[in-house]
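Observations on chain architecture
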Amino acid sequence: NHTAGSGFILLGFSDHSSLQGLCFTVFLAIYLMVLTGNGLIALITMVDSSLHSPMYFFLRNFSILEICYTSVTLPKMLLGFLMADGRISFLGCATQLYFLVLLGSIECLLLAAMAYDRYVAICEPLHYTLTMSRGLCIRLVMGSWVVVVPVQIGQTYQVFTLPFCASHDLHHFFCDVPPLLELSCADTFWNQVVLYTIILVFAILPFSFIILSYINIIRAILKIPSVLGRHKAFSTCSSHLGVVTLFYGSATVVYLKRRSRDSGNIDKYLALFYTIVTPMFNPLIYSLRNKEVRIALKRLLWK
């Protein structure tokens with residue numbers, strides 16, 4: 001009764017058994033949109049010389065990260081719809097959890113780096129080229145990986161060394177820390193402490209940095225004398241703000257609200273926003289709101 005050798009069962013959206021075919025079709029379409037949209041963003045920012053700036057360097061890394069992030073959960077969910085089988089092995093669940101929390105933490109840090117880039121561009125434009133050098137951009141991206149990888153290895157190990165008792169049914173469509181802790185028959189106090197500490201360091205602090213950056217950005221924009229200048233400055237930030245709102249809005253509710261027995265279904269639907277909806281809308285937000293990306297995309301399609 002105290003092993004998880006047989007793995008877990010991802011219940012996902014099994015309560016809508018009559019809609020499994022429709023769900024498969026919808027989520028397959030979403031996955032293809034994520035792959036195509038973010039892949040195009042990554043491609044045009046790589047091949048188009050006019051987009052070889054720090055802003056688009058971060059956008060390229062963010063788009064690649066979004067493809068990886070959705071690929072951690074969506075293929076398994078699609079297979080579950082297709083085979084009507086939500087079983088996942090113990091090792092498979094641990095692997096999925098590790099890459100989910102790893103990529104999610106890196107995404108938070110990358111969003112903060114993108115906010116810093118916009119802050120320097122608008123508040124210190126004369127020092128932008130010197131400050132946002134290629135070396136700094138690479139260090140910010142690589143540093144995110146170096147810092148997060150060992151921390152998330154430790155958290156994953158801590159979660160999967162717990163004893164899991166009785167039911168192994170996860171009321172979710174992927175393996176996540178809170179629902180896994182609910183299945184453990186051991187005291188999970190220190191696991192909760194570690195979880196909230198990691199959320200503080202890799203989510204709340206970057207979000208606070210983003211907020212402070214935009215407070216200074218808004219102050220700088222309001223000082224611009226021309227309406228056209230203010231509009232142009234704000235338009236370079238609006239896409240990033242949209243992605244931050246989608247990602248943090250849903251993730252904050254899921255991880256920081258008090259969990260209850262009845263919150264499982266709500267958490268599932270909210271999780272769709274930061275794991276699937278945000279990656280799907282990311283290329284739409286940046287292509288529709290960004291004139292340079294639209295022009296580069298037209299050039300690529302023309303070629």
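Parameters at a glance
Residues numbered from 1 in each chain as written. Predicted model: local features only at pLDDT ≥ 70, side-chain atom pairs only at ≥ 80, totals over all residues. Heavy atoms only, no water. Salt bridge = Lys/Arg side-chain N within 4 Å of Asp/Glu carboxyl O. Buried < 20%, exposed > 50% of the residue type's maximum accessible area, 1.4 Å probe, protein only. Helix = DSSP H or I, 4+ residues; strand = E, 2+ residues; numbered from the N terminus. Polar contact = N/O pair within 3.5 Å; in protein donor to acceptor, adjacent residues only side chain to side chain. Contact = heavy atoms within 4.5 Å. Patch = residues over 30% accessible without salt bridge, like charges linked within 9 Å, V, L, I, M, F, W, Y side chains within 5 Å. Areas by Shrake-Rupley, 256 points an atom, 1.4 Å probe, with all protein chains shown as cover. Disulfide = S-S within 2.5 Å. UniProt positions renumbered as here; feature names shortened; annotations may be inferred. Pairing = 2+ DSSP bridges. Lys, Arg positive; Asp, Glu negative; His and termini not counted. Charge placed at Lys NZ, Arg CZ, Asp CG, Glu CD.

**A word on the pattern of salt bridges**
In the structure shown here, the tally under the stated rule is three salt bridges. One salt bridge connects Asp-85 with Arg-87, and the closest N-O pair in it is separated by 2.9 Å. Accessibility expressed as a relative area gives 57% for Arg-87, which makes it exposed. A salt bridge links Arg-118 to Asp-117; the nearest nitrogen and oxygen atoms lie 2.9 Å apart. Since its relative accessible area comes to 2%, Asp-117 is described here as buried.

**Comments concerning the side chain of Ser-213**
Here Ser-213 is to be found in helix α7 (residues 189–222). Judged by relative accessible area, Ser-213 falls into the buried class, the value being 4%. Reaching out from Ser-213, the side chain makes a polar contact with the backbone oxygen of Phe-209 at a distance of 2.8 Å. Among residues more than four places away in sequence, those in contact with Ser-213 are Ala-115 and Tyr-119.

**Considerations on a nonpolar patch on the surface**
Together, Tyr-196, Leu-200, Val-201, Ile-204, Leu-205 and Leu-256 make up a nonpolar patch on the protein surface, roughly 490 Å² of accessible area in all. Ranked by residue count, the leading element in the nonpolar patch is α7, at five residues. The topology assignment puts Tyr-196 in helix α7. Judged by its relative accessible area of 37%, Tyr-196 is partly exposed.

**Concerning the state of the cysteines**
What the rule picks out here adds up to two disulfides. Here Cys-93 pairs with Cys-175 through a disulfide, and the sulfurs are 2.0 Å apart. Here Cys-93 and Cys-175 share a disulfide; its torsion about the S-S bond, -125°, makes the bridge left-handed. Linking Cys-93 in helix α3 (residues 90–123) with Cys-175 in the loop between β3 (169–170) and α6 (177–183), this pair joins segments that are 82 residues apart in sequence. In this structure Cys-175 comes out as buried when scored by relative accessible area, which is 0%. The disulfide partner of Cys-165 is Cys-185, and the gap between their sulfur atoms is 1.7 Å.

**Examining the UniProt feature "transmembrane region" (unreviewed entry) in the protein chain**
With numbering matched to this structure, UniProt assigns "transmembrane region" (unreviewed entry) to residues 19–44, 64–84, 96–116, 136–153, 193–217, 238–257 and 269–288. The annotated region residues 64–84 carries 95% helix and 0% strand content, and the separation between its end C-alpha atoms amounts to 30 Å. Within the segment residues 136–153, helix and strand shares are 100% and 0% respectively, and the terminal C-alpha atoms sit 26 Å apart.

**So, the sheet that holds strand β1 (residues 8–10)**
Here three strands make up an open sheet; going across it, the order is β2-β1-β3 and the pairing mixed. The sheet is open, and its two edges are formed by β2 (87–88) and β3, each paired on a single side. Where β1 meets β2, two bridges bridge the pair, whose relative direction is antiparallel. Residue Ile-9 lies in a different strand from β2, and its bridge partner there is Arg-87.

**A look at a positive patch on the surface**
Side chains of Lys-232, Lys-291, Arg-294 and Lys-298 sit close together on the surface and give a patch of like positive charge. Sorting elements by how many residues they give to the positive patch places helix α10 (residues 291–302) first, with three residues. Locating Lys-298 in the fold gives a position in helix α10.

**Structural notes on the environment of Asp-187**
Structurally, Asp-187 is set in the loop between α6 and α7. Asp-187 gets classed as exposed once you look at its relative accessible area, which sits at 65%. Expressed as a C-alpha distance, the spacing of Asp-187 and Pro-163, which sit 24 residues apart in the sequence, is 9.8 Å. A distance of 3.1 Å separates a polar atom in the side chain of Asp-187 from the backbone nitrogen of Phe-189.

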